[in-house]
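Notes for the structure review
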Amino acid sequence: MLFKSPRGTKDILPQESSKWQTIESKARKIFSLFGFEEIRTPLIEDAKLFARSLGDFTDIVQKQMFLIKRETDTFVLRPEATASIVRAYVEHDLYNISNVCKFYYMGPMFRAERPQKGRLRQFHHFGAEAIGSANPFLDAELIYLATRIIFELGLSDFEVVVNTLGCQSDKKKMSVNLKEKLMPHKKSLCEDCVSRIDKNVFRVLDCKNPQCKDIIMSLSWAQAHICEDCHKHFESVLAALDTLGVRYKIDPLLVRGLDYYTRTVFEISSKELGAQDALGAGGRYDNLVEELGGPSRGSIGFALGVERLLLALSAKTEEASKTLLDCYIIPLGEAALKKSLSVLNDLRMSGVPSDLDYLDGSLKARLRRADKKNAKFCLIIGDNELAKCTGILKNMSQSTQEEVLLAELVNKIKAKV
Ligand code: HAM
């Protein structure tokens, strides 16, 4: 029987993993530049954590959780990391630190969705969470940070959409108001939206069904339910975004799928992606710390989808995906192989990325293998060279070669690369 990776999951093979390393290290640098520190939380959490944080009636909790039952406990493979990070923040009393805690994270998330281009069951986030302040400038800083990462990775054609949901009490008013407006249209809404009216009415606003969309547009949904304070907060966020030079669009229909959001929400999309066009998204969750047993702390964060970043970048990062060896050793015969092991070790210990050709074949075939490895130099050692403690050093791009003393090899290569 031939096994395959589970549907909606992907092996990241060596020719791809260097792209991952490149973008991970760029993202890490930018997170650090903005004062964010890495946090790593478990891949499994208590399933109740997500029901409590994201909301019982969200799509993730209703349909997409990978549950693991062990005796009396039910765990879940984390579908996102915001709830885990707030759980860790409360569990370790990090609120005693008299500052905004700025965390970043990178890692896999799991959602049992119907797989398609840009939508996987195991995917990865680059995320940031700033916990401890309701200051609107922090919202702008986080949105700016998300756009900086995207930009520094090499993408410039993306759109930032922002909205405010208002505070909890605004959201309650909005929910009542929206339900009233939707009731007369109930018969024309899709099946999902009919059940959303009772369970998670905001999700009707971002339904992709064309008929539902038409109904939503006809409601001319306005922001009348937003209180004065939340209005001012949003105005300040927008002013700070202007100061930072972030271009954005305001969309009152942007609601996001998770219950923990209040006030600012945002989404960043790219036309390169097709139907699943969100590169990343985030927003404020000012009540979540308290909801999970901590004190009241304003918080905001975002997550970027790494697979989607890579999809949008695919053409541009091809070059960076190549593995580069400085030296590939081709030993001709058993005695040369033995010597090659110590030469290889010297090269590696001196910081020269190197490898050895273990397979037999003609010299031509072995040089072809070196080429496939993108080696800059090849060192060929045969019996003649072995007797003189030398090797033939071949420059693979210039097709030139010279005989070098093995004792001088490291310095020779270092001087040339
Ligand atoms: P989210 O919108 O669910 O937000 O996910 C963020 C990003 O992850 C999406 O914009 C998308 O790029 C990517 N993504 C989501 N689902 C999939 C999937 N099935 N396959 C591939 N990529 C996917 C959150 O998870 C929030 N925790 C963000 C946040 C952080 N809000 C506040 N802090």
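Residues numbered from 1 in each chain as written. Predicted model: local features only at pLDDT ≥ 70, side-chain atom pairs only at ≥ 80, totals over all residues. Heavy atoms only, no water.

1. A few points about the overall build of the protein chain
Summing up its helical and strand segments, the protein chain has 15 helices and 16 strands in all. Its C-alpha radius of gyration of 28 Å places the protein chain more than 25% over the 22 Å reference for a compact globule of 417 residues. For the protein chain, the C-alpha atoms occupy an extent of roughly 90 × 50 × 45 Å along the three principal directions. Counting only residues that meet the buried cut, the protein chain has 49% of its 417 residues in that class. Considering only intrachain contacts with a sequence separation of at least 6, the fraction spanning at least 24 residues in the protein chain is 69%. (Helix = DSSP H or I, 4+ residues; strand = E, 2+ residues; numbered from the N terminus. Rg over C-alpha atoms; globule rule 2.2 N^0.38 Å. Buried < 20%, exposed > 50% of the residue type's maximum accessible area, 1.4 Å probe, protein only. Contact = heavy atoms within 4.5 Å.)

2. As for the site of the ligand
Around the ligand, a shell composed of 26 residues is seen, among which Glu80, Glu113, His125, Tyr261 and Ala278 lie nearest. Within the side chain of Glu80, a nitrogen or oxygen atom sits 2.6 Å from a nitrogen atom of the ligand. For the ligand, an oxygen atom lies 2.8 Å from a polar atom in the side chain of Arg256. At the level of secondary structure, the elements contributing two or more residues to the shell around the ligand comprise β6 (122–131), β10 (278–284) and β11 (299–305). When residues in the shell around the ligand are grouped by element, the largest group, six residues, is from β10. Here the residues of the shell around the ligand are counted per class, giving eleven nonpolar, eight polar and seven charged. (Near = heavy atom within 4 Å. Polar contact = N/O pair within 3.5 Å; in protein donor to acceptor, adjacent residues only side chain to side chain. Nonpolar A, V, L, I, M, F, W, Y, C, P; charged D, E, K, R; others polar.)

3. A word on the state of the cysteines
Across all of its chains, the model carries zero disulfides by this definition. Unpaired in this structure, Cys193 has its nearest cysteine sulfur neighbour in Cys207, at a distance of 3.6 Å. The class for Cys193 is buried, based on a relative accessible area of 0%. Cys207 gets classed as buried once you look at its relative accessible area, which sits at 10%. (Disulfide = S-S within 2.5 Å.)

4. So, the pairing of strand β5 (residues 101–110)
Among the ten residues of β5, ten are classified as buried, and the element is accordingly described as predominantly covered. Bridge analysis of strand β1 (residues 37–38) against β5 gives two bridges, and the strand direction is parallel. Bridge pairing links Glu37 to Phe103 in β5. Here ten bridges tie β5 to β6, and the two strands are oriented antiparallel to one another. Bridge pairing in β6 links Pro108 to His124. (Pairing = 2+ DSSP bridges.)

5. Describing the domain arrangement of the protein chain
One can read the domain layout of the protein chain as domain 1 (14–167 + 227–312) and domain 2 (323–416). Computed from C-alpha atoms alone, the centre-to-centre distance between domain 1 and domain 2 is 47 Å. (Domains from an automatic or database assignment.)

6. Topic: the sheet that holds strand β14 (residues 375–381)
One open sheet accounts for five strands, arranged β13-β12-β14-β15-β16; its pairing is mixed. Each of the sheet's edge strands pairs with one partner strand only, and the pair in question is β13 (354–356) and β16 (400–405). Each strand of the sheet is rotated relative to its neighbour by a mean of 25°, with strand direction disregarded. In the sheet, strand β15 (residues 390–395) pairs with β16 via six bridges, with the strands oriented antiparallel. What sits directly across from Gly391, in β16, is Val404. Across the sheet, helix α13 (residues 363–372) lies against β12 (325–331), β14 and β15, angled at about 160° from β12, the strand it touches most. Contacting β12, β14, β15 and β16, helix α15 (residues 409–416) runs over the sheet at an angle of about 145° to β16. (Axes fitted to C-alpha atoms, helices over the stretch in contact; angles between N-to-C directions.)

7. Some points on the packing of helix α2 (residues 47–54) against helix α4 (residues 82–91)
Two elements in contact, α2 and α4, have axes whose closest approach is 9 Å; the angle formed by their N-to-C orientations is 105°. One way to sum up the angle between α2 and α4 is to call them roughly perpendicular. Taking contact as the criterion, the partners of Leu49, Phe50 and Ser53 in α2 are, on α4, Ala83, Ser84 and Arg87. Class assignment of the residues belonging to the contact of α2 with α4 gives a composition of three nonpolar, two polar and one charged. (Parallel < 35°, antiparallel > 145°, perpendicular 65-115°, else oblique.)

8. Section: the pairing of β15
The element β15 is extensively covered by neighbouring structure, given that six of its six residues are classed as buried. Residues Thr390, Ile392 and Lys394 of β15 are buried on one face, and the alternating residues Gly391, Leu393 and Asn395, pointing to the opposite face, are buried as well. Pairing of β14 with β15 involves four bridges; the strand directions are antiparallel. Counted as the bridge partner of Leu379 is Leu393 from β15.

9. A closer look at the pattern of salt bridges
Taken as a whole and judged by the stated rule, the model has 23 salt bridges. We note a salt bridge from Glu152 to Arg148, for which the minimum N-O separation is 2.6 Å. Taken together, the residues Glu152 and Arg148, both in helix α5 (residues 136–152) and four residues apart, mark about one turn of the helix. Relative accessible area serves as the criterion here: at 23%, Arg148 is assigned to the partly exposed category. The salt bridge partner of Asp357 is Arg366, with a shortest N-O separation of 2.6 Å. Grouping residues by exposure puts Asp357 and Arg366 together as buried. (Salt bridge = Lys/Arg side-chain N within 4 Å of Asp/Glu carboxyl O.)

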